[in-house]
Amino acid sequence: MIAIWLFTVAAVIAGFGILFAYKRLMRGLSYRIKRNEFHFKGLQKDQISFFIQIALIEAIPIFLIILGFTFMGGASISLPGRIIPLLIILAVIVTCFLQVQKAKRDVMEIATNLNGQELSYVRSLSFIGYMTVLGIPVLAIAGIFLV
């Protein structure tokens, strides 16, 4: 039973921690757009900082996932025992997905003066946001079903 809660805590920490870092990246991007300082050297610096933050944020959830897999060997848990952790993880996934979508929409609203290549960069950042925010929670769901 402890493995399920370790997966759940890992999903919550990773989901909201990476969401915080992603929203910070998008605020910086919108600040650059508003000041007409949209250049790729500054964006690369921001993106490197974002990936370093992700690595630091994901350290604890990865450790919790590993602990969860080590505690899996016990008794089998019925589906009703998995419902609350699954609902918590699904709430994290939905919240993070909607927040990434909102951050993308906010940046796209002020990005009217960008060219096509710059707009595609903003779109690709949103896909990176989706994948990084949702990675550990999806892994946690898989872990819950493996218990």
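Residues numbered from 1 in each chain as written. Predicted model: local features only at pLDDT ≥ 70, side-chain atom pairs only at ≥ 80, totals over all residues. Heavy atoms only, no water.

Concerning the packing of aromatic side chains
The condition that has to hold: Only Phe, Tyr and Trp rings take part, Trp by its six-membered ring, and two of them pair if their centres are within 6.5 Å. Stacked means planes under 30 degrees apart, edge-to-face means over 60, and tilted covers everything else.
For the structure on display, the rule yields 5 aromatic pairs. Where F50 meets F51, the ring centres are 5.5 Å apart and the plane angle is 50 degrees; that geometry is what we call tilted. An aromatic cluster of three or more residues is present, and its members are Y22, F50 and F51.

A word on the nonpolar core
Selection rule: Take the buried residues of types Ala, Val, Leu, Ile, Met, Phe, Trp, Tyr and Cys, join any two whose side-chain atoms come within 4.5 Å, and each joined set is a nonpolar core. Classification of residues uses two cut-offs on accessible area relative to the type maximum, computed with a 1.4 Å probe and protein chains only: under 20% is buried, over 50% is exposed, and between them is partly exposed. By definition, any uninterrupted DSSP run of H or I lasting at least four residues is a helix, any uninterrupted run of E lasting at least two residues is a strand, and each is numbered from the N terminus. Only heavy atoms matter for contacts: two residues are in contact if any of them lie within 4.5 Å across the pair.
The biggest cluster of nonpolar side chains holds 44 residues, and the ones touching the most others in it are M26 and L29. Of all elements in the fold, only α1 (2-34), α2 (40-70), α3 (79-110) and α4 (116-146) reach the threshold of two or more residues within this core. Setting aside residues up to four positions removed in sequence, M26 forms contacts with A103, K104, V107, V122 and L125.

A closer look at α3
Let me state the cut-off plainly: Helix span, expected: 1.5 Å multiplied by one less than the number of residues in the helix. Fitting one axis to the seven residues ending at a residue and another to the seven starting there, the bend at that residue is the angle between the two axes.
Taking 1.5 Å per residue as the helical rise, α3 with its 32 residues ought to reach 46 Å, and the 46 Å between its terminal C-alpha atoms agrees with that figure. Remark: the principal bend of α3, roughly 25 degrees, maps to P85. Of the positions making up α3, those classed as buried are R82, P85, L86, I89, V92, I93, C96, V100, A103 and V107.

A few points about the pattern of salt bridges
Here is the rule we go by: Within this document, salt bridges are pairs made up of a side-chain nitrogen of Lys or Arg and a carboxyl oxygen of Asp or Glu, the two lying within 4 Å of each other.
For the structure on display, the rule yields 2 salt bridges. A salt bridge links D46 to R32, with the shortest nitrogen-to-oxygen separation between them at 2.8 Å. Taken together, the positions of D46 in helix α2 and R32 in helix α1 put the pair 14 residues apart, joining distant regions of the chain. A residue is classified by how much of its surface remains accessible, and D46, at 22% relative accessible area, is partly exposed.

Let's talk about the UniProt feature "transmembrane region" (unreviewed entry) in the protein
Basically, it comes down to this: UniProt positions are given in the numbering used here, feature names are shortened, and annotations may be inferred rather than shown by experiment.
The feature "transmembrane region" (unreviewed entry), as given by UniProt, occupies residues 6-25, 50-71, 83-100 and 121-146 in the numbering adopted here. Spanning residues 6-25, this segment combines 100% helix with 0% strand, and its end C-alpha atoms are found 28 Å apart. End C-alpha to end C-alpha, residues 50-71 measures 32 Å, and it is 95% helix and 0% strand.

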